[in-house]
Amino acid sequence: MAVNPREATTLEPQTAAPPLAETAGAPIRQASLWRDAYRRYLRNKGAVAAAVVFGIIVFYCLFIPGFWFIPGIWPRVFGIDPNQVNFAEVYLPPSLEHPFGTDQFGRDLWTRVAKGGQVSIGIGFAATIAILVIGIAYGSISGFVGGRLDNAMMRFLDALYGLPFLPFAILSLAIIGTVNFWTMVIALTIASWFTAARVVRGQVITLKQNDYVRAAQAVGARWHRVLVRHLLPNTLGVLIIFIFLELPNVVLGEAFLSFIGLGINPPDASWGSLASEGREAYRTHPLDLWIPCLFIAALVLCANFIADGLRDALDPRTRET
Amino acid sequence: MAALIIRRIVWTIPVLLLVIFMIFIMMRQIEGNPFRRTERAVPPAVQANLERKFNLDKPWYMQYLLYVKGVFTLDLGPSLVLRDRSVTDIVKEHFPRSLKLGVLAFLWAIVFGIPAGVIAALRPNTVYDYLLMFFSSIGFALPSFFVATLLIYYFALKVNAFPTNGWPLGFWDIDSRVVLPSLALGLFPMAYFARLVRGTMLETMQQDYVRTARAKGLRWKSVVTRHVFRNSLIPVVTATAPLFGLIITGTFVIEIIFSIPGIGRYFIASVSNRDYSVVMGITVLTSVIIIIANLCVDIAYAFLDPRTRTSRT
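Since the model is a prediction, treat every value here as computed from it, not as a measurement. (Residues numbered from 1 in each chain as written. Chains lettered and ligands numbered in written order. Predicted model: local features only at pLDDT ≥ 70, side-chain atom pairs only at ≥ 80, totals over all residues.)

Observations regarding the overall build of chain B
Rules: For the purposes of this entry, the term helix denotes a DSSP run of H or I that reaches at least four residues, the term strand denotes a run of E that reaches at least two, and both are numbered from the N terminus. Think of it as a crowd count around each C-beta: if 20 or more other C-beta atoms lie within 10 Å the residue is buried, if 12 or fewer it is exposed, and in between it is partly exposed, with C-beta placed from the backbone throughout. For the purpose of contact definition, each residue receives a C-beta atom placed from its backbone, and two residues are in contact when these atoms lie within 7 Å.
A tally of helices and strands in chain B yields 12 helices and 0 strands. Starting at the N terminus and walking to the C terminus, you meet the elements of chain B as α-α-α-α-α-α-α-α-α-α-α-α. Based on the C-alpha atoms only, the size of chain B along its principal axes is roughly 85 × 55 × 30 Å. In chain B, buried positions account for 37% of the 313 residues. For chain B, restricting intrachain contacts to residue pairs at least 6 apart in sequence, the fraction spanning at least 24 positions comes to 73%.

Examining the nonpolar core
In a soluble, globular protein the nonpolar side chains are often hidden away together inside. What counts here: By convention the nonpolar core is taken to be a set of buried residues drawn from Ala, Val, Leu, Ile, Met, Phe, Trp, Tyr and Cys and joined through C-beta atoms within 7 Å.
Formed by 167 residues in total, the largest nonpolar core has its most connected members in A169 and I306 of chain A. The residues contacting A169 of chain A, other than those within four sequence positions of it, are A187, L188, A191, G253 and L257 of chain A.

Notes on the environment of I175 of chain A
Considering the arrangement of structural elements, one finds I175 of chain A in helix α7 (residues 165-176). Considered as a pair, I175 of chain A and L62 of chain A are 113 residues apart in the sequence and their alpha carbons are 32 Å apart. Not counting chain neighbours up to four residues away, the residues in contact with I175 of chain A comprise M26, Q29 and I30 of chain B.

Observations concerning the interface of chain B and chain A
Accessible area lost upon the coming together of the parts is a frequently used measure of interface size. Between chain B and chain A, the residue contacts involve 33 residues of the former and 32 residues of the latter. The dominant element in the side of chain B that touches chain A, judged by the number of residues it contributes, is helix α11 (residues 276-304) of chain B, at 7 residues.

Focus: the packing of helix α5 (residues 109-145) of chain A against helix α9 (residues 194-208) of chain A
A packed helix pair is summarised by two numbers, namely the angle formed by the two axes and the spacing between the axes. Residues and elements named next belong to chain A. Note the following rule: For helices, the fitted line uses only the C-alpha atoms of the stretch in contact; every axis is such a line through C-alpha atoms, and the angle between N-to-C directions lies from 0 to 180 degrees. Should an angle fall under 35 degrees it is taken as roughly parallel, and over 145 as roughly antiparallel, whereas 65 to 115 is taken as roughly perpendicular and any remaining angle as oblique. A clockwise turn of the near helix away from the far one marks a right-handed crossing, whereas an anticlockwise turn of less than a right angle marks a left-handed crossing. Any residue that is not Ala, Val, Leu, Ile, Met, Phe, Trp, Tyr, Cys, Pro, Asp, Glu, Lys or Arg is counted as polar, Gly included; the first ten are nonpolar and the last four charged.
Running from N to C, α5 and α9 point in directions that differ by 40 degrees, and their axes come no closer than 7 Å. Relative to α9, α5 is oriented oblique. Judged by the twist between their axes, the crossing of α5 over α9 is right-handed. Residues I131, L132, G135, I136, Y138, G139, S140, S142, G143 and F144 of α5 form the contact with α9, whose participating residues are A196, A197, R198, V199, V200, R201, V204, I205 and K208. Of the residues in the contact of α5 with α9, the class split is 11 nonpolar, 5 polar and 3 charged.

In C-alpha cells, the structure reads:
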C-alpha cells in the first residue's frame, strides 16, 4: 500500500509527493527534505543574492533608526530624530551624517527612509499574513467540503473579483475612518484576500485526491481532522512561496495609496508617502524621490526572486526542469 | 458552445447585482452624512426635502433597487458637490480620457511585450533572452509612479522630447502628450506579457504535438507560428482580465502625475470632497468594466480552447 505511515503522526510538512520506494527511512528523509530544498535554494544564485539584499534592507530598516527594543545606530551616534524638522538644514547633499541628504523640512532621509521601510515592510508582512489566514480558512473550507457550499463560496469570490483593487481599498479606509498602520493592513487585506483563497482551494482539491487522504478518510478520520493534520501541512511549501508572491503586491498597494495621499499621513512615513513628498521637488532634488522608489523596487524584485527560488526548491513539479 | 456562452452571460447578472450590493453597503457604512453638517444648520423641512430628493427617506432596500435601476438605465444620480451635474455627465466627460490611456497602455504591452517574449523563448539562455528578461524584471518591480517620474525627468526635462503633462481631450486625438503616460502605465503589462509568453512558449515547445509536428518534417518556422505561438496565446488572453484591474489601478496614479483630467483623478478628488454619489458611481463603473472584461475573456477562452466547449462543470 502506498500510504505513507508518517502522515498520520507528524505535522512536519512534506511538499513532495510521497516517495515511492524509500518509505522505510522515514524520519531521516523528513529532515532531509527541507535540507534538500535548502541546498537547491543555495544553488540558485539569483535567489541567494535576493535573499541577502532582502536581509540587508530589513537590517537597515530595523537597526539604523531603531525599533522597539533595538537601539538605533543613527540616533545614538549622531543624535538624529527622523521626524525632527530643522529649517537650517534643508536639502543638504549626502554626507556621512546624512548619507541620503535631507528633505524639504531638513529631516534626515537616511533614518526617515529606514523608518518608512519599517512601515512599508511591516504593513506588507502583516497584510500578507492576514490575507493568508483568511485565504486558508476560506479556501480550505470551500475546497474540502466541496459540493454546493464550494460552489456558493466560489461564486461569491467571483463577485469579489469584480471589485477593482484601489477603489475597494480606498472605500475600506473611508469606512474605517482613520488611517494608520493597522487600518492600512485591514484595508489592504480586505481588498486582496481572494487570490489566496483561490490558491488554497486549488491546492486543497489537488491534495484531497491523494492516497493518504483517502486512507485517512477510510479509517474514519473526520473532515476537520484530515484538513488540519494532512492537507494544511502539505500546502505549507506553497504557502511560503505565496507569502513572497503576495508581499510585493501589498507593498505596492500601500505605496500607491500613500503616494496619492490616501495612505500613511505625515509626520509618519512609508516608502510611498516619502516618494509622494519627494515628488514635490524632484526636478531640483531628484534624490528625495528616487531613494524611496528604489527601495520599493528592490524589495519587490527581491521578493519575486526569492519566490522563484523557493518554488524551484520546494515545488516537486518544477524540480526536473 | 452557444449554451455555455449564454449561461456565462446570464450568470453575469447576479454577479453584477451582488457587486453593486456590496458597494452600496460599503458606501452606507462610511461615517458622515453629507446633509448633516454641523457647521451649516439646515431647517428640518429643507433636510426632509434633501433626503427625499436623494431617496434617503426610503428604506435601504428601496434605495438599493432604485440605484440598480439607475445603473441599468445609465442614471447614476446627481453629484453631491457639483449640484448642477449628474454623475453620468461626469463619467461621460472623464471616462473616455482614462479609457484612451488604458487602451494605449495595452497597445504598448501587446506590440512590444508579446514579441519580446517570443524572441526570448526562441533563443532561450542567450544574451537576448537575458537582456529581455532583465528588463522585464525591472518593469515588473518598478512602481508605476516611479516609472512615470523617471520618464518625465529624462524625456521631458533633460531631453525635452515630450511635454511633461497635459492630455489631448478627444478620444481619437493623439499627439506627443500621450506617449509618456501610456508608456508609464504600459510598462508593467509589457513586462508581464513578455514573461508570460516566454514561459508558456517554452512549456508548449515540450509538448508532444510540437514534437510530432517537427517529426513529420514541418519547418520550424511553421511549427512555431502554427502550433507553439497559437497555443501560447491562451494564457495571455486569460491574463488580460486581471490586468484590466491593474491598469485601472495604474490610471489613478498616472493621471495624478501627468495631470490628466481622467476618471481616476476625479475619483480621488471626490473621496476628499466626500462626493459619495460620484465615488459610488465610479466604483460601480470600474467594477462593471472588470466584470465585463472577465466575461469577454471567458468567452474568448471558449473559442480558443476547444476543450472548454465540451467539458465544463
